Amino acid sequence: MKIKITDKPDETLYIYCRISTKHQSEGVSLDVQEERGLQVSKQLGLSPIVIKEQGSGLKPFREVRPLFTELIDNLEDGLVKNVWVDEDTRLTRNKDDQGFIHSDFVKNDVVLYVGKNGGIKDLKDWMVDLIDSI
């Protein structure tokens, strides 16, 4: 499966939904995450592209999550400018990957929206960086 990449990255919200196992609880199911992301997309006036994936957040993402790997590759190429996740742990739980992911977002001017309200996580803020690295 490939991610649909649009030619209007500034007008698109990539909604990344991830679960670790097929039996993850209903509160964080792929469908629940998708619905929350679609609501945020509507609030922001951005066209949604939903990405659903099952895979470990503890292992390096390039080993176990092909869709997220593709998303990051497109982000590095400047084709992705807005990403939403239900919570930070949907990106990764791997401490090594976290630094690289956040760095890629900052270097490529990607806005990270998090949660039901779609608040922006300012990855350029030194305090956010400090807290995330602890």
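These lines cover the structure that appears in this document, whether it is placed above or below. Every chain's residues receive numbers from 1 upward, in the order its sequence appears when written. For this predicted model, a pLDDT threshold of at least 70 governs which residues receive local features, and a threshold of 80 or more governs which side-chain atom pairs are given and counted, while totals over whole chains, interfaces and linings are taken from all residues. Here the side-chain values reflect all heavy atoms present in the structure, with hydrogen atoms and water set aside.

So, about the environment of Lys-42. Helix numbering and strand numbering both begin at the N terminus, where a helix is a DSSP run of H or I of at least 4 residues and a strand a DSSP run of E of at least 2. Residue placement: Lys-42 occurs in helix H1 (residues 30-44). Working definition: with a 1.4 Å probe on protein chains only, accessible area under 20% of the residue-type maximum means buried, over 50% means exposed, and in between means partly exposed. Accessibility expressed as a relative area gives 74% for Lys-42, which makes it exposed. Note: C-alpha distance between Lys-42 and Leu-13 (29 residues apart in sequence) is 9.7 Å.

All right, on to the packing of helix H3 (residues 66-76) against helix H4 (residues 95-107) then. Every axis in this analysis is a line fitted to C-alpha atoms, fitted for helices over the stretch in contact. Angles between the N-to-C directions lie between 0 and 180 degrees. It is at 9 Å that the axes of H3 and H4 come closest, and there the two elements cross at 35 degrees. Where H3 crosses over H4, the two elements pack in a sense that is left-handed. Contact residues: H3 offers Phe-68, Ile-72, Leu-75 and Glu-76, while H4 offers Ile-101, Asp-104 and Phe-105. Polar here means any residue other than Ala, Val, Leu, Ile, Met, Phe, Trp, Tyr, Cys and Pro, which are nonpolar, and Asp, Glu, Lys and Arg, which are charged; Gly is therefore polar. Its residues placed into classes, the contact of H3 with H4 shows five nonpolar, no polar and two charged. In this scheme the handedness of a crossing depends on how the near helix is turned from the far one: anticlockwise by less than a right angle means left-handed, clockwise means right-handed. Two residues form a contact once any of their heavy atoms are found within 4.5 Å.

The next point concerns the sheet that holds strand S2 (residues 47-54). If DSSP finds at least two bridges between two strands, the strands pair. With respect to topology, five strands assemble into an open sheet ordered S2-S1-S3-S4-S5, the strand pairing being mixed. Single-partner strands in this sheet number two, and they are S2 and strand S5 (119-121). In this sheet, adjacent strand axes meet at a mean angle of 30 degrees when their direction is disregarded. Direction of pairing for strand S1 (residues 12-19) relative to S2: parallel, over a ladder of eight bridges. Bridge pairing in S2 links Leu-13 to Pro-48. With respect to the sheet, H3 is in contact with S1, S2 and strand S3 (82-85), its orientation differing from that of S2 by roughly 140 degrees.

Relative to the assigned elements, Ser-41 resides in helix H1. Separated by 42 residues in sequence, Ser-41 and Val-83 place their C-alpha atoms 10.0 Å apart. With residues near it in sequence (within four places) discarded, Ser-41 still touches Leu-13, Ile-15, Leu-46, Ser-47 and Pro-48. Pairs of N or O atoms within 3.5 Å make up the polar contacts considered here, provided that, within protein, one atom can donate a hydrogen while the other can accept it, and that residues adjacent in sequence are counted only when both atoms are side-chain atoms. A polar side-chain atom of Ser-41 sits 2.4 Å from the main-chain carbonyl oxygen of Leu-46.

Let's shift gears to H1. Multiplying one less than the number of residues by 1.5 Å gives the expected span of a helix. The end-to-end C-alpha separation of H1 is 21 Å, in line with the 21 Å expected for 15 residues at 1.5 Å each. Every buried residue of H1 is accounted for by Leu-30, Gln-33, Arg-36, Gly-37, Val-40 and Ser-41. Down the axis of H1, the smallest arc covering the buried residues is 145 degrees, so these residues share one side. Away from the buried face of H1 by more than 90 degrees, exposed residues Asp-31, Lys-42 and Gln-43 are located. For H1, the secondary structure elements touched by its buried residues are S1, S2 and S3. Gly-45 sits one or two positions beyond H1 and adopts a positive phi of about 70 degrees. Working note: the arc is built from the helix axis to C-beta atom directions.

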